[in-house]
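The chain contents come next:
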Amino acid sequence: MIKNSVTMHRGCFGACSFCTISAHQGKFVVSRSEKSILKELEFIAKSPNFKGHITDLGGPSANMYKMQGVNLEICKLCKRPSCLHPIKCKNLNDDHRPISNLYKKASSIPGIKHVTIGSGIRLDLLQNSPGEDEYVSLLLRKHVSGRLKVAPEHTQLEVLDIMRKPDFKSFEKFKKTFDATNNKLGLRQQLIPYFISSHPGCTPHHMKLLSEELRSLNIMPEQVQDFTPTPMTLATVMYYTELNPYTLKPIFVAKTKAEKDKQKSYFFWYKNPKK
């Protein structure tokens, strides 16, 4: 998978509370030139053992390529940790057309039969952006290798705000488009959502509501994790202090094995249908 994948950019301006990418790669996205990316693809395509499948054109979030502030002087003064939360910054260039054009050029290189996106995409960045419809159509028609990864992380707004993630409605909106496109084209692609339990601020009640929401959408999650403190993250500060550092108000933190196991169990409603 890694051998035939190409990294297009690094850095992330999403600044999720539990993620260290912006700490060790930087908040500002640094993108390679189109020429450099295509040159590497041509090199891979000529390799003796290459079978024609590029397994990823991506980065921390695959659809952040070439994205930065419209006015970089404003960015230099900005103190917001995230360009996407609580709302998308008006100074952010979130145009998806350069990515779509790159996908087309990559697919036209002799020897390349398939280009699929192995990295996850950020839905709140995608929605209401220039080139959104073209990108979604192109992605779902030609660049999903059976499964597409997205990361709503939770369903409840109280927890999502602490995580610096968008309202779950953004996932629901995309899922409708995903399902409709698959039905129209006769495809059997899967949407793989990532979720986290026991995140600071997440109570058993929040997980119960999550379970009910997933059940109503008939989502049977596989890619789930129980929160683990990670150095340099806001969530780790909340985990150890049991405080929201912005409000200094106490928050619930699941720490014991029993508490964490209980929260994680709510993901698997389909294994305990009477729960």
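Here the structure is shown first, and the text comes after it.
Throughout what follows, the structure given in this document is the object of discussion.

Cut-offs used in this document
- Starting from 1, residues in each chain are numbered consecutively following that chain's sequence as written.
- For this predicted model, a pLDDT threshold of at least 70 governs which residues receive local features, and a threshold of 80 or more governs which side-chain atom pairs are given and counted, while totals over whole chains, interfaces and linings are taken from all residues.
- Here the side-chain values reflect all heavy atoms present in the structure, with hydrogen atoms and water set aside.
- Pairing between strands is defined by DSSP: at least two bridges between the two strands are required.
- Secondary structure counts use DSSP, requiring at least four H or I residues in a row for a helix and at least two E residues in a row for a strand, with both numbered from the N terminus.
- In this analysis, axes come from line fits to C-alpha atoms, helices being fitted only over the stretch in contact, and the angle between any two N-to-C directions falls in the range 0 to 180 degrees.
- Think of it in three bands: residues with accessible area under 20% of the maximum for their type are buried, residues over 50% are exposed, and the middle band is partly exposed, with areas taken using a 1.4 Å probe on protein chains only.
- Contacts between residues were defined by any pair of non-hydrogen atoms, one from each residue, lying within 4.5 Å.
- In plain words, nonpolar cores are sets of buried Ala, Val, Leu, Ile, Met, Phe, Trp, Tyr and Cys residues tied together by side-chain atoms within 4.5 Å.
- Crossing chirality is assigned from the near helix's rotation relative to the far helix, an anticlockwise turn below a right angle marking it left-handed and a clockwise turn marking it right-handed.
- Ten residues, namely Ala, Val, Leu, Ile, Met, Phe, Trp, Tyr, Cys and Pro, are considered nonpolar, four, namely Asp, Glu, Lys and Arg, are considered charged, and the remaining ones, Gly among them, are considered polar.
- Within 3.5 Å is the distance limit for a polar contact, defined as a pair of N or O atoms, with the added protein rule that one can donate a hydrogen and the other accept it, and that residues adjacent in sequence qualify only through two side-chain atoms.
- For this document, the term salt bridge refers to a Lys or Arg side-chain nitrogen within 4 Å of an Asp or Glu carboxyl oxygen.
- Ring pairs shown here join Phe, Tyr and Trp side chains whose ring centres sit within 6.5 Å, with only the six-membered ring taken for Trp; geometry is labelled stacked below 30 degrees between planes, edge-to-face above 60, and tilted in between.

On to the sheet that holds strand β7 (residues 147-153). Think of a sheet as strands paired side by side through backbone hydrogen bonds, with each pair either parallel or antiparallel. Pairing is parallel in the open sheet, where 3 strands are placed in the order β7-β8-β9. Sheet topology places β7 and β9 (224-226) at the edges, where each strand pairs with a single neighbour. The sheet shows a mean angle of 20 degrees between the axes of neighbouring strands, direction not considered.

Once that is clear, we can look at the environment of Ile109. Along the polypeptide, Ile109 turns up in the loop between α4 (97-107) and β6 (114-115). Judged by its relative accessible area of 8%, Ile109 falls in the buried class. Spatially, the C-alpha atom of Ile109 lies 8.3 Å from that of Leu38, the residues being 71 residues apart in sequence. Those residues in contact with Ile109 that sit more than four places away from it in its chain are Leu38, Leu41, Glu42 and Ala45.

Turning our attention to the nonpolar core. Counting 70 residues, the largest nonpolar core has Phe13, Leu41, Leu57, Ile121, Leu148 and Phe174 as the members making the most contacts within it. Non-local contacts of Leu148, meaning those with residues more than four positions away in its chain, are made with Ile121, Leu139, Leu140, Phe174, Phe178, Gln190, Leu191 and Ile192.

Turning our attention to the packing of α4 against helix α6 (residues 132-142). The contact between α4 and α6 brings their axes to 9 Å, and the two run at 30 degrees. For α4 against α6, the interelement crossing comes out left-handed. Residues Arg97, Ile99, Ser100, Tyr103 and Lys104 of α4 lie in contact with α6, whose contacting residues are Glu134, Tyr135 and Leu138. Among the residues making up the contact of α4 with α6, the classes are represented as 4 nonpolar, 1 polar and 3 charged.

As a further point, take the environment of Ser61. With respect to the helices and strands, the residue Ser61 is situated in the loop between β5 (56-58) and α3 (72-77). A relative accessible area of 10% means that Ser61 is categorised as buried. Setting aside chain neighbours within four positions, we find Ser61 in contact with His9, Gly120 and Arg122.

Let's shift gears to the side chain of Thr116. If you trace the backbone, Thr116 turns up in the loop between β6 and α5 (123-126). Relative accessible area serves as the criterion here: at 7%, Thr116 is assigned to the buried category. Side-chain polar atoms of Thr116 contact the side chain of His53, separated by 2.7 Å. Ignoring anything within four residues of it in the chain, the contact list for Thr116 reads His53, Ile54, Thr55, Asp56, Leu57, His143, Val144 and Ser145.

Quick look at the pattern of salt bridges now. Applying the stated criterion across every chain, the model contains 13 salt bridges. One salt bridge in this structure joins Arg32 and Glu40, with 2.7 Å as the shortest N-O distance. The partner of Asp261 in a salt bridge is Lys257, with the nearest N and O atoms 2.7 Å apart. Taken together, the residues Asp261 and Lys257, both in helix α11 (residues 257-265) and 4 residues apart, mark about one turn of the helix. Of the residues examined, Asp261 reaches a relative accessible area of 40% and is grouped as partly exposed.

As a further point, take the packing of aromatic side chains. All chains considered together, the criterion is met by 9 aromatic pairs. With a centroid separation of 6.3 Å and an interplanar angle of 35 degrees, the aromatic rings of Phe174 and Phe178 are classed as tilted. Here Phe174 pairs with Phe178, and both are found in helix α8 (residues 169-185), just 4 residues apart, close to one helical turn. For Phe178, a relative accessible area of 1% corresponds to the buried category. Their ring planes at 85 degrees and their centres at 5.7 Å tell us that Trp269 and Tyr270 sit as a pair that is edge-to-face.

Within strand β8 (residues 190-197), 6 of the 8 residues are buried, which leaves the element mostly enclosed by the surrounding structure. As defined by bridge partners, β7 adjoins β8 across 5 bridges and the pair is classed as parallel. If you follow Arg147 over to β8, its bridge partner there is Gln190. By the bridge criterion, 3 bridges tie β8 to β9 in an arrangement that is parallel.

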